[in-house]
Amino acid sequence: MYNHRSMKHLLVNAGQLLTFIGPSGPRRGAEMSKTGLCRAGAVLIEDGKIVTAGSHDLVSRHPQANKARVLDVGGRVVLPGFVDSHSHPVFAAPRLKDFELRAQGKGYEQIAAEGGGILSSVDAVRKTTEDELVSRLGVWAARFIECGTTTLEAKSGYGLDLDSELKCLRAIRRVAAHTALELVPTFLGAHAVAPELVHDPHGYVRRVCEEMLPAVAKEGLARFADVFCDRGYFSEAQAETVLRAALQHGLKAKIHAEQLAHSGGAAVAARVGAVSADHLDHADAADFERLKKSGTVATLVPAANYFLGLGHYPSGRKLIEAGLPVALATDFNPGTAPCWNMQFALSLACTQLKLTPEEALCAATVNGAHALGLGATHGTLEPGKQADLIVLDVRDYREACYYFGANQVALVMKRGAIVHATQDFRP
Ligand code: NIG
Ligand code: FE
């Protein structure tokens, strides 16, 4: 089953093949509904890349097609692997106490103020060795793959001092080297003010900018920097300071914006040209305009709203109507979204954010790739792109969003190698 990527594969008998062939930029408005659907589809793969994808008749006529090993997917649905562009997977323990307190009616911010929240995860991570974090992250990586995610953004942010942040980012680099899941590392030193500096937030921001960022950049440990810009965390001005420093060190910007309250994060994203602004629960029409002008991808993470029991969701429909490219991510983390399955996010996107299945799948693949600056190589099944694809055990792609609470992934291919398959596909 685990074959080498230099092998040629001819995937045949896709009842529905979603290529997402289309414009090279992030998809907006009506473009988000175009799946590039092809019935009786086939995909030719060589050296880890897509050679061609489309109707079986066309693909099978390619001169290389008869030299390839045939993989018959039995009429199932084939689409690009999910690109999950927002996660916090480096943590030491679940936050079960927070979970119980919420069931008793306490809110996220109240629990954080009483000793739970991000700082309780920081305490646990600081006490955990890099080796242990590597082994835990390796387990999560396998679960993401099984559920169809082939590329995952992974944030630090539960260390909050130089050594602990480096430990988390080094753990991501080590896991990336030995698992099939492609990890895109993000430095989130500005996730909360470190416990030793709670009374000196400005001092902590200085530490992030002057001590941590240079060290992270020097070791090449992160591609992005992120900030939690929100009530009780970092202000608009502080977030801008951190992201501008990050840009100077060659990192690209992401931001947690407008999650708990309208706090100016979307405006910062627009001013610094962030690649994505994430959450956006409290973003307003002026924010939508700003983000549209700066070309920032709006990333929605509805599993966090679900898990916190907020009873409200950001309006995905309004964002699409405003002309913003919308991406969908899990936000996998121990505090607000302990869920690695993008298929659950697809369900929430349709039932709560009012996206259509076509839009939700676009948001979880091609626009997720753009939210990571990977749109040229990931997220669609177009010639020359990385052969990252999944086979779902359904006959109609809308079933990917319709059934929920289960894993419908039958096979996962990463860079042209089969990295996960259910019983049906095992020889
Ligand atoms: O995306 N909002 C900030 N960060 C996470 C939550 C982190 C935590 O509670 O541990 C989020 O929801
Ligand atoms: Fe997050």
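The rules behind the values
- Residues numbered from 1 in each chain as written.
- Chains lettered and ligands numbered in written order.
- Predicted model: local features only at pLDDT ≥ 70, side-chain atom pairs only at ≥ 80, totals over all residues.
- Heavy atoms only, no water.
- Helix = DSSP H or I, 4+ residues; strand = E, 2+ residues; numbered from the N terminus.
- Buried < 20%, exposed > 50% of the residue type's maximum accessible area, 1.4 Å probe, protein only.
- Contact = heavy atoms within 4.5 Å.
- Near = heavy atom within 4 Å.
- Polar contact = N/O pair within 3.5 Å; in protein donor to acceptor, adjacent residues only side chain to side chain.
- Areas by Shrake-Rupley, 256 points an atom, 1.4 Å probe, with all protein chains shown as cover.
- Nonpolar A, V, L, I, M, F, W, Y, C, P; charged D, E, K, R; others polar.
- Core = buried A, V, L, I, M, F, W, Y, C linked by side-chain atoms within 4.5 Å.
- Domains from an automatic or database assignment.
- Salt bridge = Lys/Arg side-chain N within 4 Å of Asp/Glu carboxyl O.
- Donors = N, O, S within 2.8 Å, 3.2 Å for Na, K, Ca; no water.
- Buried area = accessible area lost by both parts, 1.4 Å probe.
- Axes fitted to C-alpha atoms, helices over the stretch in contact; angles between N-to-C directions.
- Parallel < 35°, antiparallel > 145°, perpendicular 65-115°, else oblique.
- Phe/Tyr/Trp six-rings, centres within 6.5 Å; stacked < 30°, edge-to-face > 60°.
- Lys NZ or Arg CZ within 6 Å of the ring centre and 35° of its normal.

A tally of regular secondary structure across the chain gives 16 helices and 16 strands. Taking the principal axes of its C-alpha atoms as reference, the chain extends roughly 70 × 45 × 45 Å. The 427 residues of the chain split such that 61% are buried. Taking the intrachain contacts of the chain between residues at least 6 apart in sequence as the baseline, contacts between residues at least 24 apart amount to 73%.

In the neighbourhood of ligand 1, 15 residues make up the surrounding shell, with Tyr108, Tyr158, Gln259, Asp331 and Thr336 lying closest. Residue Tyr108 places a side-chain N or O atom 2.6 Å away from an oxygen atom belonging to ligand 1. Summarising the interface, the protein chains cover 100% of the accessible area of ligand 1, which totals 330 Å² for the free molecule. Looking at side-chain class alone, the shell around ligand 1 contains 4 nonpolar, 9 polar and 2 charged residues.

Okay, the nonpolar core next. One finds Phe187, Tyr204, Ile255, Leu280, Leu328, Leu346 and Leu361 to be the most contacted residues of the largest nonpolar core, which totals 106 residues. When residues of this core are sorted by domain, at least three fall in each of domain 1 (9-80 + 380-421) and domain 2 (83-370). With residues near it in sequence (within four places) discarded, Leu346 still touches Phe82, Leu328, Ala360, Leu361, Ala364, Ala400 and Cys401. If you look at the next biggest cluster of nonpolar residues, it comprises 20 residues, including Cys38, Ala410, Leu411 and Met413.

All right, on to the pattern of salt bridges then. Counting across every chain of the model gives 26 salt bridges. Note that Glu46 is salt-bridged to Lys8, the shortest N-O span being 3.4 Å. One end of the pair, Glu46, is in strand β2 (residues 37-46); the other, Lys8, is in the segment before β1 (9-18), and 38 residues separate them in sequence. As a salt-bridge pair, Arg170 and Glu219 come within 2.6 Å of each other at their nearest N and O atoms. Taken as a pair, Arg170 in helix α6 (residues 162-178) and Glu219 in the loop between α7 (201-218) and β9 (224-229) lie far apart in primary sequence, 49 residues in all.

We now examine the coordination of the iron ion (ligand 2). The iron ion (ligand 2) binds to the protein through His86 (NE2), His88 (NE2), His256 (NE2) and Asp331 (OD), with metal-donor distances spanning 2.0 to 2.4 Å. Here the donor residues of the iron ion (ligand 2) share one chain and are spaced in sequence as H-x1-H-x167-H-x74-D.

Splitting the chain by domain gives domain 1 (9-80 + 380-421) and domain 2 (83-370). Summarising the inter-unit geometry, the C-alpha centres of domain 1 and domain 2 are found 29 Å apart. Every contact between the two is made by 32 residues of domain 1 and, on the other side, 31 residues of domain 2. Carbon and sulfur atoms make up 65% of the area that domain 1 and domain 2 hide from each other, which totals about 2,600 Å². Among the residues domain 1 hides against domain 2, the three largest losses belong to Arg28, Met32 and Cys401. Together they make up 25% of the total. The partner of Glu182 in a salt bridge is Arg415, and the shortest N-O contact between them spans 3.3 Å. Connecting domain 1 to domain 2 are 12 residue pairs in polar contact (both at pLDDT 80 or more). For the side of domain 1 that touches domain 2, the secondary-structure elements that each account for two or more residues are β5 (77-80), α16 (399-402), β15 (409-414) and β16 (417-421). Take the side of domain 1 that touches domain 2: its biggest share by element is 4 residues, from β15. For the side of domain 1 that touches domain 2, the per-class residue count stands at 16 nonpolar, 10 polar and 6 charged.

Bringing the packing of α7 against helix α8 (residues 236-248) into the picture now. Where α7 contacts α8, the axes come no closer than 10 Å and their chain directions differ by 10°. When the axis of α7 is compared with that of α8, the two are roughly parallel. Within the contact between the two elements, α7 uses Pro201, His202, Val205, Val208, Cys209 and Leu213 and α8 uses Gln238, Thr241, Val242, Ala245 and Ala246. When grouped by side-chain class, the residues that make up the contact of α7 with α8 number 8 nonpolar, 3 polar and no charged.

What the rule picks out here adds up to 11 aromatic pairs. Both rings, one in Phe91 and one in Trp140, keep their centres 5.7 Å apart while their planes meet at 35°; by these two values the pair is tilted. Of this pair, Phe91 sits in the loop between β6 (82-84) and α2 (96-103) while Trp140 is found in helix α5 (residues 130-146), placing the two residues 49 residues apart along the sequence. Residue Phe91 is classed as buried on the basis of its relative accessible area, which comes to 5%. Both rings, one in Phe144 and one in Phe332, keep their centres 5.3 Å apart while their planes meet at 80°; by these two values the pair is edge-to-face. Taken as a pair, Phe144 in helix α5 and Phe332 in the loop between β13 (326-328) and α13 (342-351) lie far apart in primary sequence, 188 residues in all. Here a set of aromatic residues connected by ring pairs shows up, and it is made of Phe91, Trp140, Phe144, Phe332 and Trp340. Over the face of the ring belonging to Phe224 we find Lys254, whose NZ or CZ atom lies 5.1 Å from the ring centre.

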